[in-house]
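Listed below, chain by chain, are the residues.
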Amino acid sequence: MFLALTRAGKLIRDAFDRPRKISYKNQSSINLVTSVDQAADRLIREIINRQFPGHDTLTEVSAPSSRGSPFKWIIDPLDGTTNYAHHFPQVGVSMALEYRNKIILGGVYDPFRDELFWARKGRGAWLKHAGRQRRLSVSLTPSLSHALLLTGFPYDRRERIDLYLSYVKAFMAHIQGIRRAGAAALDLCWVAAGRVDGYWEWRLKPWDVAAGKLIVEEAGGRMSNFSGRRFSVYGEQTLATNGRIHRSMLRVMRSLER
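Numbering of residues starts from 1 in every chain and runs along the sequence as written. Residue-level local features of this predicted model are given only where pLDDT is at least 70; pairs of side-chain atoms are given and counted only at 80 or more, and the full residue set underlies all totals for whole chains, interfaces and linings. Side-chain calculation: all heavy atoms of the structure are included, whereas hydrogens and water are not.

A. Expanded view of the overall build of the protein. The helix count covers DSSP runs of H or I at least four residues long, the strand count covers runs of E at least two residues long, and both are numbered beginning at the N terminus. Looking only at helices and strands, the protein features seven helices and 14 strands. Radius of gyration here uses only the C-alpha atoms, and the compact-globule reference equals 2.2 Å multiplied by the residue count raised to the power 0.38. The C-alpha radius of gyration computed for the protein amounts to 18 Å, which stays within 12% of the reference 18 Å derived for 258 residues, consistent with globular compactness. The dimensions of the protein, computed from C-alpha atoms along their principal axes, are 50 × 40 × 40 Å. Exposure classes here rest on a 1.4 Å probe applied to the protein chains alone. A residue is buried below 20% of its type maximum, exposed above 50%, and partly exposed in between. Put simply, the protein has 258 residues, and 55% of those count as buried. Looking at the protein alone, contacts between residues at least 24 apart form 62% of all its contacts between residues at least 6 apart. With residues, only the protein chains shown are counted as cover, and all accessible areas are computed by Shrake-Rupley using a 1.4 Å probe. Within the structure as shown, the protein displays about 12300 Å² of accessible surface, and the carbon and sulfur contribution to it stands at 49%. Under the counting rule used here, the positive set is Lys and Arg, the negative set is Asp and Glu, and His together with the chain ends is not counted. Each charge is placed at NZ for Lys, CZ for Arg, CG for Asp and CD for Glu. Taking the average place of the 40 positive charges on the side chains of the protein and the average place of its 24 negative ones, the gap between the two points comes to 5 Å. Contact criterion: two residues are considered in contact whenever any of their non-hydrogen atoms come within 4.5 Å of each other.

Written as structure tokens, this is what we have:
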């Protein structure tokens, strides 16, 4: 996994200032894919197929492979494509290994900070940077009034703008600040690293959250949907926190349902 993450990250970093072809998914003017996404996807799948030829894959860019294996790699070769297309250096490469519907291994690589976040089920979450490795732990922020949050906006934001902004407005009355960075996999890793205290977003895909879910939980954080029920990487609601502010965030979210 580390080899695939770092090689794809190098490809992304090296191509950052070069011209790239940009196309659009589903006739959407805001759901982008670049030639670099596709090249990184090919590279990662080649490494996986060489090292684990019987494993299934689910990626954002290409068709899923289904060989009937209990193992499935869930891959986002370039998370933060809109950032990348605009030369905004906040992107990541995300990979998770699912075994019988449970995420057991996950990694997210930030090629511009050279930060590799990773976790193994039951073994903790870690950050490798500058030749060193340290264990990750979520923040100790005790209350929502002291919290810094991250969020994101789905691709149907133009059609549901009032819904998504209602959450921003509701939280702004209770917190110190909100940031919108544009790469969900890194957003989750920043919760795990204690750089922010909570993060929410609608309608993410499995490749956006599978690795980050495990990293957050192994760092001592909490994941759920917006009702507090068990989080699923195949669901539509993502709430990640340091655990200490989780109930407070849920109370704000539930108030919007009244």
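B. The pairing of strand β10 (residues 148-151), seen in detail. Alignment of β10 against strand β11 (residues 177-179), held across three bridges, turns out to be parallel. When the bridges of β11 are listed, Leu-149 appears paired with Ile-178. At least two bridges found by DSSP between two strands are what make those strands a pair. Of the strand pairs in this sheet, β10 and strand β12 (residues 198-202) are connected by three bridges, and their pairing is parallel. The partner of Thr-151 across the bridge, within β12, is Trp-200.

C. Representation of the packing of aromatic side chains. Aromatic pairs are defined between Phe, Tyr and Trp rings, using the six-membered ring for Trp, whenever the two ring centres lie within 6.5 Å; interplanar angles under 30 degrees are classed as stacked, those over 60 as edge-to-face, and all others as tilted. Tallying each qualifying case throughout the model produces 10 aromatic pairs. Ring plane angle 50 degrees and centroid distance 6.3 Å describe the contact between Tyr-164 and Trp-202, whose orientation is recorded as tilted. Taken together, the positions of Tyr-164 in helix α4 (residues 161-172) and Trp-202 in strand β12 put the pair 38 residues apart, joining distant regions of the chain. Using a relative accessible area of 12% as the deciding quantity, one classes Trp-202 as buried. Counting every residue linked through ring pairs, the aromatic cluster contains Tyr-164, Tyr-167, Trp-202 and Phe-226.

D. Just the sheet that holds β12, in detail. What the five strands build is an open sheet, ordered β11-β10-β12-β14-β13; its pairing is mixed. Both outer strands of the open sheet, β11 and β13 (222-224), are each paired with one neighbouring strand and no more. Strand-to-strand twist in this sheet, taken as the mean axis angle between neighbours without regard to direction, amounts to 20 degrees. Bridge analysis of β12 against strand β14 (residues 237-241) gives five bridges, and the strand direction is antiparallel. Bridging across to β14, Trp-202 finds its partner in Gln-237. Interaxial angle, 0 to 180 degrees, is taken between N-to-C directions of lines fitted to C-alpha atoms, where a helix line uses only the stretch in contact. Contacts from α4 reach β10, β11 and β12 within the one sheet, and its direction differs from that of β12 by about 160 degrees. Of the strands in this sheet, β13 and β14 are in contact with helix α6 (residues 206-218), which crosses β13 at around 140 degrees.

E. Representation of empty space enclosed by the protein. Note on definitions: the grid is 1 Å and covers protein atoms alone; a cavity is a set of points where a 1.4 Å probe fits but cannot get out; a pocket is an open set with protein on both sides within 12 Å along at least five of seven lines; lining residues have an atom within 4 Å of a point. Grid points are joined across faces, edges and corners, and a volume is the space filled by probe spheres set on the points. A full pass over the atoms with the stated rule returns one cavity of 30 Å³ or more. Considered as a void within the structure, the largest cavity measures approximately 40 Å³ in volume. Looking at the largest cavity, the residues that line it are Met-1, Leu-3, Ala-4, Ile-47, Ile-48, Gln-51, Phe-52, Trp-73 and Met-95. Of all the secondary structure elements, the ones that give two or more residues to the lining of the largest cavity are α1 (2-14) and α2 (35-51).

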